[in-house]
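Here are the chains, one letter per residue:
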Amino acid sequence: MIVCQIAEASRYLGLGDGIDKAINWLLNNFDRDFVKGTDVIGQCAAGEITVKCEEPALMPREKAALEAHKKFIDIHVPLKGPETIGWAPVSELKHVRVPYDCEKDIAFFGDSAQALVHVKPGQMAVMFPEDAHAPNIGLGNHRKLCIKIPV
């Protein structure tokens with residue numbers, strides 16, 4: 001997991017072609033107005049890099065389930081309002097709530113998060129396949145981007 005200011009994200013260039021393209025796109029586009037929906041923002045060896053602008057309802061910490069992906073890296077970018085994200089290493093999770101679905105590339109777990117990360121507008125949180133995460137923790141609604149990078 002990486003949490004950083006978007007303005008300082010260029011220090012993570014070189015981690016891989018997909019991450020490089022996503023970070024460069026974010027650095028060049030963060031200030032624009034986004035509309036709800038999904039767009040392709042680039043291509044890497046593993047496939048299309050997409051960004052989804054969404055306005056999910058936030059949920060209490062105790063209702064937020066950890067999720068994990070095997071085929072994608074997620075970059076969570078709050079646009080309006082902060083977002084709290086629970087985190088735990090997938091390797092330590094014991095309680096599968098919904099088994100891994102290969103088509104949807106997601107599994108859900110009943111374990112508690114080991115850490116909470118508070119991400120504000122102007123910041124980003126990168127979740128790798130080994131990082132289980134419970135996004136959208138808080139109260140009310142917020143607006144965010146979720147960039148999906150295939151691996």
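Reading the values: the criteria
Residues numbered from 1 in each chain as written. Predicted model: local features only at pLDDT ≥ 70, side-chain atom pairs only at ≥ 80, totals over all residues. Heavy atoms only, no water. Phe/Tyr/Trp six-rings, centres within 6.5 Å; stacked < 30°, edge-to-face > 60°. Lys NZ or Arg CZ within 6 Å of the ring centre and 35° of its normal. Core = buried A, V, L, I, M, F, W, Y, C linked by side-chain atoms within 4.5 Å. Buried < 20%, exposed > 50% of the residue type's maximum accessible area, 1.4 Å probe, protein only. Helix = DSSP H or I, 4+ residues; strand = E, 2+ residues; numbered from the N terminus. Contact = heavy atoms within 4.5 Å. Salt bridge = Lys/Arg side-chain N within 4 Å of Asp/Glu carboxyl O. Lys, Arg positive; Asp, Glu negative; His and termini not counted. Polar contact = N/O pair within 3.5 Å; in protein donor to acceptor, adjacent residues only side chain to side chain.

Novice: Can you tell me about the packing of aromatic side chains, naming the residues and giving the values?
Specialist: Enumeration according to the criterion identifies one aromatic pair in this entry. Considering the side-chain rings of Trp25 and Phe34, the 5.9 Å spacing of their centres and the 50 degrees angle between planes classify their relative orientation as tilted. One cation-aromatic arrangement involves Lys70 over Tyr100; the distance from NZ or CZ to the ring centre is 4.4 Å.

Novice: Explain the nonpolar core to me, using residue names and the numbers behind them.
Specialist: Within the largest apolar cluster, 24 residues are counted, with the highest numbers of intra-cluster contacts made by Trp25, Leu26, Ile75, Met124, Leu145, Ile147 and Ile149. Looking at this core, the elements that each hand over two or more residues are strand S1 (2-5), helix H1 (17-29), strand S2 (37-44), strand S3 (47-54), strand S5 (72-80), strand S10 (123-127) and strand S12 (143-150). In terms of residue count, H1 provides more of this core than any other element does, five residues in total. Excluding residues that lie within four positions of it along the chain, Leu145 makes contacts with Trp25, Leu26, Phe34, Val51, Lys52, Cys53, Ile75, His76, Val77 and Leu79. If you look at the next biggest cluster of nonpolar residues, it comprises 10 residues, including Ala64, Ala68, Ala107 and Ile137.

Novice: Before we move on, could you go through the pattern of salt bridges and cite the residues and values that matter?
Specialist: Scanning all chains against the criterion turns up five salt bridges. One salt bridge connects Glu55 with Arg143, and the closest N-O pair in it is separated by 2.0 Å. Within this pair, whereas Glu55 is found in the loop between S3 and strand S4 (66-68), its partner Arg143 is found in strand S12, the two being separated by 88 residues in sequence. Residue class for Arg143 comes out buried when judged on its relative accessible area of 17%. Across the pair Lys148 and Asp74 runs a salt bridge whose closest N-O atoms are separated by 2.7 Å. Taken together, the positions of Lys148 in strand S12 and Asp74 in strand S5 put the pair 74 residues apart, joining distant regions of the chain.

Novice: Got a sec to walk through the side chain of Glu67? Specific residues and values, please.
Specialist: Of note, Glu67 is situated in strand S4. One buried charge, Glu67, has no salt-bridge partner; the nearest side chain with opposite charge is Lys148, at 5.8 Å. Within the local environment of Glu67, its side chain forms a polar contact with the side chain of His69, the two groups lying 3.1 Å apart. Dropping the residues within four chain positions of it, Glu67 is found in contact with Asp74, Ile106, Ala107, Phe108, Asp131, Ala132, His133 and Pro135.

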